[in-house]
Amino acid sequence: VVAFHRRLFREKPLGAIGGILFAVFLFCGLFADFLAPFGLNETDMLRRLQSPSWSHWFGTDHLGRDVLSRILFGAQLSVIVGFLAAGLATIISIVLGVVTGYFGGAIDMTIQRFVDAWMTFPDLVLLIVVISIVGPGVPQIVIILGCLYGIAGSRIIRGSVIGIRENMYVHAAQSTGASTPHILIFHILPNVMPVVIVLFTTRVGAVILAEAGLSFLGLGVPPPAPTWGSMLSGTGR
């Protein structure tokens, strides 16, 4: 294991550093309840707008809340939204990509023209319009971001499925009378999983950035929930 890590740092230093940063971020998000020195919305009006000190490493805000604690809880919320929305997006991408890539024909043409039309809209504009209609909140953001990135990501899964369905083992399964669900589950999906894993990991980062952007504009998770975007803009304080 030690030799593997040394080789990783030697051959892929940027990837190794990125992996460490992601692990630290994930650790802080998962264990924010134990790492945060103060409560989520614990206020102390006598300690308003204090500079960094030993008791408040990042200082306090205008309500006397510990900034470090709110950053940690903000990381926790980002992890929750990021993984839930990325998971939903990946499921949508798999369903649409596998169906259109394997069956082709009119089904592929109809769904892919919808995907093309969907991808013509700017992501941020579409998010702002939909959030303005349905209102802010964690469930709404997870569903909207999941649908947004899931529909767009289906093109990637579709391309992989089109290449896989022409392999000999797929034709052999079809010639032996294997059912379509059997072929999709045991022959198509296992060979698409490397692409699915990469798609999921990239979607996590994209979702977290999109949620931070919405919160910065005041359209994300409503206060007093601490989100990084709202803390930067001041609305989450």
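Residues numbered from 1 in each chain as written. Predicted model: local features only at pLDDT ≥ 70, side-chain atom pairs only at ≥ 80, totals over all residues. Heavy atoms only, no water.

Draft legend 1. Fine view of the overall build of the chain. Counting its regular elements, the chain contains ten helices and zero strands. Starting at the N terminus and walking to the C terminus, you meet the elements of the chain as α-α-α-α-α-α-α-α-α-α. Its C-alpha atoms give the chain a radius of gyration of 22 Å, clearly above 18 Å, the size a compact globule of 237 residues would have. The principal-axis extents of the C-alpha atoms in the chain amount to approximately 75 × 55 × 25 Å. In the chain, which comprises 237 residues, the share counted as buried stands at 36%. (Helix = DSSP H or I, 4+ residues; strand = E, 2+ residues; numbered from the N terminus. Rg over C-alpha atoms; globule rule 2.2 N^0.38 Å. Buried < 20%, exposed > 50% of the residue type's maximum accessible area, 1.4 Å probe, protein only.)

Draft legend 2. Geometry of helix H9 (residues 180–216). For H9, with 37 residues, the first-to-last C-alpha span of 46 Å runs short of the 54 Å given by 1.5 Å per residue. Bending of H9 peaks at approximately 50 degrees at the position of leucine 189, with proline proline 190 no more than four residues after it. The first or second residue beyond H9 is glycine 218, which carries a positive phi of 85 degrees. (Expected span 1.5 Å × (residues − 1). Bend = angle between axes of the 7 residues up to and from the residue.)

Draft legend 3. Here's a closer look at the pattern of salt bridges. Overall, the coordinates contain five salt bridges when judged by the stated rule. Put simply, aspartate 116 and arginine 113 hold a salt bridge, and the shortest N to O gap is 2.7 Å. Note that aspartate 116 and arginine 113 are positioned in helix H5 (residues 105–119) at a spacing of three residues, about one turn of the helix. Here arginine 113 falls in the partly exposed class, since its relative accessible area comes to 42%. Residue arginine 155 pairs with aspartate 116 through a salt bridge whose shortest N-O separation is 2.4 Å. (Salt bridge = Lys/Arg side-chain N within 4 Å of Asp/Glu carboxyl O.)

Draft legend 4. Structural view of the packing of helix H4 (residues 67–103) against H5. Running from N to C, H4 and H5 point in directions that differ by 140 degrees, and their axes come no closer than 7 Å. In this view, H4 runs oblique relative to H5, as classed from their interaxial angle. By crossing handedness, the relation of H4 to H5 is classed as left-handed. Taking contact as the criterion, the partners of Leu96, Val99, Thr100 and Phe103 in H4 are, on H5, Gly105, Ile107, Asp108, Ile111 and Gln112. Residues of the contact of H4 with H5, tallied by class, amount to five nonpolar, three polar and one charged. (Axes fitted to C-alpha atoms, helices over the stretch in contact; angles between N-to-C directions. Parallel < 35°, antiparallel > 145°, perpendicular 65-115°, else oblique. Left-handed = near helix turned anticlockwise from the far one by under 90°. Contact = heavy atoms within 4.5 Å. Nonpolar A, V, L, I, M, F, W, Y, C, P; charged D, E, K, R; others polar.)

Draft legend 5. Representation of unusual backbone geometry within the structure. For leucine 49, which is not glycine, the phi dihedral falls at a positive 50 degrees. On the secondary structure map, leucine 49 appears in the loop between helix H3 (32–35) and H4.

Draft legend 6. H5, seen in detail. Helix length check: H5 (15 residues) gives 21 Å between terminal C-alpha atoms against 21 Å at 1.5 Å per residue, within 8%. Those residues of H5 not exposed but buried are Asp108, Gln112 and Val115. Buried positions in H5, seen along its axis, are confined to an arc of 55 degrees and lie on one side of it. The exposed residues of H5 that point more than 90 degrees off its buried face are Ala106 and Thr110. Where H5 is buried, its residues contact H4 and helix H7 (138–164). (Arc of directions from axis to C-beta.)

Draft legend 7. Broad picture of the nonpolar core. Among the nonpolar cores identified, the biggest contains 17 residues, and Val81, Leu127, Ile141, Leu145, Tyr149 and Val207 are the most heavily contacted of them. For this core, the element with the most residues is H7, which contributes six residues. Not counting residues within four places of it along the chain, the set of residues in contact with valine 81 comprises Ala86, Val138, Ile141, Val142, Val207 and Glu211. With 14 residues, the next largest nonpolar core counts Val161, Val170, Ile183 and Val192 among its residues. (Core = buried A, V, L, I, M, F, W, Y, C linked by side-chain atoms within 4.5 Å.)

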